[in-house]
Amino acid sequence: LGTAASSSSRGLIRKLGSTRLPIVATCARSNSGGSSSAPPPPPPSNAGAAAASSVKYAKTTAGTGDPEGSGATGFSTRGPVTWPALGLVAIAAASAVSYYKIERERRLENAMGKIVSSESGWSPNPELLARRQYVRTKWGWFPKEDAFGGAGKPAIGGPWSLVDLDGNLVTNESFKGKWTLLYFGFARCPDICPSEMVKIGKVMDTLEKEHPKLRGQIQPIFVSIDPARDSLKALRDYAKDFHPSYVFLTGAPQQVQAMAKKYRVYMSKADETEDGDYLVDHSIVVYFHDETGDIADCFTQSMRPSDIVEKVVERVTFVPTY
């Protein structure tokens, strides 16, 4: 009996020992200061890795008409704008632009025909450019060709009336049919006026020698801008020193000022001296008119007689091409 009890006790002790060891071991790990971390999770399976990869590289099917991504759908994958549609829009736009240009040209030709068919002609700015006559050619309406070219004539000149050395009334109409060389000056000018008038005299002599047929068509004119001192007697004495073909004109101060304004002549009376003498500052230009009285050219002080002769011959013999 004693042997059996002893054997039974040893078996019970072994069972208790076997159940108490894991608890002690677990307690020992928990009481070691808390430095040990939880065991790592188990590695993912192959199925989990494949699912994560598919999420990372997934492509959306929004807007394709195939929300399931199956690739089989009845909707079109093209956008609302296509190349044929763009082509039709371009053709329509080009047609509209062409129609606008054609209609604009037609209306312009109709307007030009009404404006320039009158004798007065037309000018884009009458204060600066003289009115010009237009002619219709196979290329359309073009200004009547003249020596000024496409720039047009400056708006210089106009009707005027003065008196000559005999006291006769002279107007711009008195020289119709003649090409005129018009100069503004005064008899008491010390140097510039005599120099310019001698230059024109040389032009007339050169024309007489080299172009005798043209010489009869040219008429030089001198207009006094100092009517207060340039009386008819003073101008007669002054005329003796210059070319005999000159026509000398004067008039009332209002008449002279009105004519000078139309030709845009600058005039300014200088200070008088103690004896009452004075000079007049003025423009130094020779105005060349055609046989109708329109301005044909302007010659400045820097031009030589030979330059003026060349210009005069060119203008008088000019023939338009249409």
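Remember, predicted model here, so these are calculated numbers, not experimental data. (Residues numbered from 1 in each chain as written. Predicted model: local features only at pLDDT ≥ 70, side-chain atom pairs only at ≥ 80, totals over all residues. Heavy atoms only, no water.)

> Where do I start with the side chain of Thr 180 in this structure?
Relative to the assigned elements, Thr 180 resides in strand E5 (residues 179-185). Those residues within four positions of Thr 180 in sequence are excluded, and the remaining contacts are Phe 175, Gln 219, Ile 221, Tyr 287, Phe 288 and His 289. (Helix = DSSP H or I, 4+ residues; strand = E, 2+ residues; numbered from the N terminus. Contact = heavy atoms within 4.5 Å.)

> What should I look at first to understand the nonpolar core in this one?
Of all hydrophobic cores here, the largest spans 54 residues; its most connected members are Phe 184, Ile 218, Phe 248, Tyr 263, Tyr 287 and Phe 288. Of the residues forming this core, the biggest block, 6 residues, is contributed by helix H4 (residues 192-210). When residues no more than four places from it in sequence are discounted, the contact partners of Tyr 287 are Ile 156, Thr 180, Leu 181, Leu 182, Phe 184, Tyr 263, Arg 264, Val 265, Ile 295, Asp 297 and Cys 298. (Core = buried A, V, L, I, M, F, W, Y, C linked by side-chain atoms within 4.5 Å. Buried < 20%, exposed > 50% of the residue type's maximum accessible area, 1.4 Å probe, protein only.)

> Help me understand the pattern of salt bridges in this model?
Pairing between side chains of opposite charge can happen when the charged atoms of each approach one another. Using the criterion set out here, one finds 10 salt bridges in the structure. As a salt-bridge pair, Glu 196 and Lys 199 come within 3.3 Å of each other at their nearest N and O atoms. Within this pair, Glu 196 and its partner Lys 199 are both found in helix H4, separated by 3 residues, close to a single helical turn. Residue Asp 237 pairs with Lys 240 through a salt bridge whose shortest N-O separation is 3.8 Å. Residues joined in a network through salt bridges with shared partners are Asp 226, Arg 229 and Asp 277. (Salt bridge = Lys/Arg side-chain N within 4 Å of Asp/Glu carboxyl O.)

> Sorry if this is basic, but what is going on with the packing of aromatic side chains here?
Each aromatic ring pair is summarised here by two numbers: the centre-to-centre distance and the angle between the ring planes. In the structure shown here, the tally under the stated rule is 12 aromatic pairs. Between the aromatic rings of Phe 222 and Tyr 238, the centroid separation amounts to 5.8 Å while the plane-to-plane angle is 50°, which identifies the pairing as tilted. Of this pair, Phe 222 sits in strand E6 (residues 218-224) while Tyr 238 sits in helix H6 (residues 232-239), and the two are 16 residues apart along the sequence. Between Phe 222 and Phe 248, the aromatic rings sit 5.3 Å apart at their centres with planes inclined by 50°, giving tilted as the arrangement. Separated by 26 residues along the polypeptide, Phe 222 in strand E6 and Phe 248 in strand E7 (residues 247-249) bring together distant segments of the chain. Assigned by exposure class, Phe 222 and Phe 248 land together as buried. Taken together, the ring pairs connect Tyr 183, Phe 222, Tyr 238, Phe 242, Tyr 246 and Phe 248 into an aromatic cluster. Of note, Arg 229 hangs over the ring of Tyr 278, and the distance from its end group to the ring centre comes to 3.6 Å. (Phe/Tyr/Trp six-rings, centres within 6.5 Å; stacked < 30°, edge-to-face > 60°. Lys NZ or Arg CZ within 6 Å of the ring centre and 35° of its normal.)

> It is not clear to me how the sheet that holds strand E10 (residues 285-289) should be interpreted in this structure. Could you clarify?
Strand order in the open sheet made by the 5 strands is E7-E6-E5-E10-E11, with mixed pairing throughout. Of all the strands in the sheet, the pair left with one neighbour each is E7 and strand E11 (295-300). Going from strand to strand, the sheet's axes swing by 25° on average, the running direction of each strand aside. Bridge analysis of E5 against E6 gives 7 bridges, and the strand direction is parallel. Bridge pairing links Trp 179 to Ile 218 in E6. (Pairing = 2+ DSSP bridges. Axes fitted to C-alpha atoms, helices over the stretch in contact; angles between N-to-C directions.)

> Explain helix H7 (residues 253-262) to me, please; I cannot follow it from the model alone.
Because an α-helix packs 3.6 residues into every turn, residues spaced three or four apart end up facing the same way. Of the positions making up H7, those classed as buried are Val 256, Met 259 and Ala 260. All buried residues of H7 fall inside an arc of 100° around its axis, so they share one side. For H7, the exposed residues set more than 90 degrees away from the buried face come down to Gln 254, Gln 257 and Lys 261. On the buried face of H7, the contacting elements are strand E3 (161-163), E5, E6 and strand E8 (267-269). Following H7 by one or two positions, Arg 264 adopts a phi angle in the positive range, close to 55°. (Arc of directions from axis to C-beta.)

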